[in-house]
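A look at the structure
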Amino acid sequence: MIRHTVAFTLKYPKGSPEEKAFLDATLHLVKIPGVQHFERLRQTSKKNRFDFGLSMEFSDREAYETYNNHPTHTAFIQQYWITGVEDFLETDYELYA
């Protein structure tokens, strides 16, 4: 199992139509084959600089790579991520035995 997470801050003002459009667009990622336990998250702590998070799981490395290379994911990166994200931290975890 691989847990893919990304914490991020957007370039848009809080509560703006652009922020909403970005966050709504993330819902297309859940339709990619292999994505499990998809969550959109809002930061509640001031312990870091990020406002939002995404979390999802994949059964194995093959499912994770399918996601990374899927046209829906690459289109999201080009259309929304590159233009809308100010800063981010991506982490990918496997269970520690």
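Located above this text is the structure these notes cover.
Residues numbered from 1 in each chain as written. Predicted model: local features only at pLDDT ≥ 70, side-chain atom pairs only at ≥ 80, totals over all residues. Heavy atoms only, no water.

**Notes on the packing of helix α2 (residues 61-69) against helix α3 (residues 71-84)**
- Packing of α2 against α3 leaves a shortest axis separation of 5 Å and a crossing angle of 50 degrees. When the axes of α2 and α3 are compared, the pair comes out oblique. Counting all contacts with α2, which are made through Tyr67, Asn68 and Asn69, the residues of α3 involved are Pro71, His73 and Thr74.
- Residues belonging to the contact of α2 with α3 are distributed by class as follows: two nonpolar, four polar and no charged. (Axes fitted to C-alpha atoms, helices over the stretch in contact; angles between N-to-C directions. Helix = DSSP H or I, 4+ residues; strand = E, 2+ residues; numbered from the N terminus. Parallel < 35°, antiparallel > 145°, perpendicular 65-115°, else oblique. Contact = heavy atoms within 4.5 Å. Nonpolar A, V, L, I, M, F, W, Y, C, P; charged D, E, K, R; others polar.)

**Concerning the nonpolar core**
- Core analysis: the biggest nonpolar cluster contains 21 residues, and Phe8, Phe22, Leu29, Val35, Phe58, Tyr67 and Trp81 have the highest contact counts within it.
- With residues near it in sequence (within four places) discarded, Phe8 still touches Phe22, Leu23, Phe50, Asp51, Phe52, Gly53, Leu54, Trp81, Val85, Asp87 and Phe88. (Core = buried A, V, L, I, M, F, W, Y, C linked by side-chain atoms within 4.5 Å. Buried < 20%, exposed > 50% of the residue type's maximum accessible area, 1.4 Å probe, protein only.)

**Brief notes about the environment of Thr72**
- Secondary-structure assignment places Thr72 in helix α3.
- Each C-alpha atom, one on Thr72 and one on Met1, is 22 Å from the other, the two residues being 71 residues apart in sequence.
- Excluding residues within four positions of it along the chain, Thr72 makes contact with His28 and Ile32.

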